[in-house]
Amino acid sequence: MSNTKQMPQEEGIDHSLSLIREGYMYIMNRRHSFNSNIFETRLLGKKAICMGGREAVEVFYDTEKFKRKGAAPNRVVQTLFGRNGVQALDGQIHKHRKEMFMSIMSPDEIEKLIDILKIQWQIAANKWEQMDKVILYEEAKEMMCRIACKWAGVPVKEGKVKMLTKNLGAMFESAAAIGPKHWLGRHARNYIEIWVGELIDKVRAGKVNPPENTALHRFAWYRDLEGNLLDTETAAVEVINILRPIVAISIFINFIALALHHYPEEREKLKSNDEKYAQMFVQEVRRFYPFFPFVAALVKKDFTWKGFKFKEDTLTLLDVYGINHDPEIWEKPELFNPDRFAKWEGSPFSFIPQGGGDYMMGHRCAGEWVTIEVMKVSLDFLSNRMEYLVPEQDLSFSRVSMPSIPHSKVVIKNVKQKI
Ligand code: HEM
């Protein structure tokens, strides 16, 4: 007798609209109502599986069971990812390209990034002291754009920074949008891909010479498993895979400021400059606030897991937001409590704000260490190196629209540096 079980099924022809309407909560809402960590639905006109829970993370990151090629919807490829980037590769080709990404993330290179970051934070603090009001999200985006370009070896004239910030921002701000905002994201990607592509060609022609370990240099000269250079467009997509997410850290910087405002007692704990507590605070920001709602893959070949059948090519979504708020993993997940990370066992399958599993073999975020270090320096500036007022404003944030950014973008006033 067969031991296969039927997954709970969402009735109806298609639920893509519900996914857009419920955003971060879509999978969690159904996990609750079906009382199941797994269910079947229909998205973009096709059968899809949604999963949550720690065991689901382990199976999702098993590269024998899931693949990424073809998993991302076209509208996400056209805005967020770009074509033929590392996100859509599998097997040895993925591993080879990912090694290139991870070689840029060495401790020495991250230290260079932090040096650039500290200088830019200082420049920003000087500037903000002179401003009537600072819209933190917009200012942080521009600051992160300068940092990303400098670190990646991408030369930018001062007059171009604002336009570049706008376009890199539009790529991640539009990824889940429909209508005009989506088209803004597409135009932004087309524009930046052409611009970075021209730079790649100039590097190869010896007309631009970025420092050796930078992303621009590395991807211009990266050779694939067959010894070939990447075509210009793909090399540009990979350089943008460094620039765009560094600019996106501005969302976390905004959430750091929000957490400091909503939980003022945390400021006291951060005063001692205890590196360990700063790390725990940053981890809690990455767990508590919404950023990536889920990650997507396709079933590589038919298999059965816990009695449930997974059929080849079925779209499968892993509930990133839900796993960071899962009461089976986190005690009182609705509370902001950095101390919880004192006890966290460090499993690559329980805490996945930037994906889970292995960096090299799987698709876990290449920039996770960079993100954490950038957040720690930013936290130090916001909590210990400056004072400011947070005037009355709408600081609420949505659990529907993706990515979620506090509605006021966090306005601060009367910025003064602490001596
Ligand atoms: C801003 C905060 C960030 C968040 C929330 C974030 C989140 C993620 C997530 C959820 C994934 C997909 C994991 C998966 O598919 O299983 C990912 C992949 C990736 N991220 Fe990040 N990320 C961030 C910052 C960065 C930074 C700073 C960089 C580069 C400097 C970066 C580079 C990448 C790359 C290259 C991939 C693709 C990895 C692969 O497919 O193997 N990310 N990120």
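Residues numbered from 1 in each chain as written. Predicted model: local features only at pLDDT ≥ 70, side-chain atom pairs only at ≥ 80, totals over all residues. Heavy atoms only, no water.

Right, let's get into the packing of aromatic side chains. Counted under the stated rule, the structure contains 29 aromatic pairs. Measuring from centroid to centroid gives 6.1 Å for Phe66 and Phe310, while their planes differ by 85°, and the two rings are edge-to-face. Placement of Phe66 in strand 3 (residues 66–67) and of Phe310 in strand 7 (residues 308–310) is noted, with a sequence separation of 244 residues between them. On the basis of relative accessible area, Phe66 is assigned to the buried category, the value being 5%. Positioned above the aromatic ring of Trp305, the side-chain terminus of Lys306 is 5.6 Å from the ring centre. A cation over an aromatic ring shows up here: Arg385 above the ring of Phe381, its NZ or CZ 5.1 Å from the ring centre. (Phe/Tyr/Trp six-rings, centres within 6.5 Å; stacked < 30°, edge-to-face > 60°. Helix = DSSP H or I, 4+ residues; strand = E, 2+ residues; numbered from the N terminus. Buried < 20%, exposed > 50% of the residue type's maximum accessible area, 1.4 Å probe, protein only. Lys NZ or Arg CZ within 6 Å of the ring centre and 35° of its normal.)

A separate point is unusual backbone geometry. With omega at -5°, the peptide bond leading from Met402 into Pro403 counts as cis. Relative to the helices and strands, Pro403 resides in the loop between strand 9 (386–389) and strand 10 (411–417). You will see that Lys332, though not glycine, has its phi angle at about 40°, which is positive. The topology assignment puts Lys332 in the loop between helix 14 (320–324) and helix 15 (368–385). With phi around 60°, Val410 is a residue other than glycine that occupies positive phi space. In this fold, Val410 is placed in the loop between strand 9 and strand 10. Owing to a relative accessible area of 3%, Val410 belongs among the buried residues under this scheme.

To continue, consider the site of the ligand. Around the ligand, 26 residues are found, and the nearest of them are Tyr61, Arg68, His94, His363 and Cys365. Between an oxygen atom of the ligand and a side-chain N or O atom of Lys98, the distance comes to 2.8 Å. Gln354 has a polar side-chain atom sitting 3.4 Å from a nitrogen atom of the ligand. Of all elements in the fold, only helix 5 (91–104) and helix 11 (232–262) reach the threshold of two or more residues within the shell around the ligand. Tallying contributions element by element places helix 11 first for the shell around the ligand, with six residues. Here the residues of the shell around the ligand sort into 14 nonpolar, nine polar and three charged. (Near = heavy atom within 4 Å. Polar contact = N/O pair within 3.5 Å; in protein donor to acceptor, adjacent residues only side chain to side chain. Nonpolar A, V, L, I, M, F, W, Y, C, P; charged D, E, K, R; others polar.)

Reading across from one edge, 4-10-9 is the order of the three strands in this open sheet, with antiparallel pairing throughout. Both outer strands of the open sheet, strand 4 (133–135) and strand 9, are each paired with one neighbouring strand and no more. Within this sheet the neighbouring strands show an average axis-to-axis angle of 50°, counted without direction. Both strand 9 and strand 10 contribute to a ladder of three bridges, which runs antiparallel. Within the sheet, the bridge partner assigned to Met386 lies in strand 10 and is Gln417. (Pairing = 2+ DSSP bridges. Axes fitted to C-alpha atoms, helices over the stretch in contact; angles between N-to-C directions.)

For the rest of this paragraph, the subject is the UniProt feature "binding site: heme" (unreviewed entry) in the chain. Using the residue numbers shown here, the UniProt feature "binding site: heme" (unreviewed entry) corresponds to Cys365. With respect to the secondary-structure elements, Cys365 resides in the loop between helix 14 and helix 15. The residues touching Cys365, leaving out its near neighbours within four places in the chain, are Gln354 and Tyr359. (UniProt positions renumbered as here; feature names shortened; annotations may be inferred. Contact = heavy atoms within 4.5 Å.)

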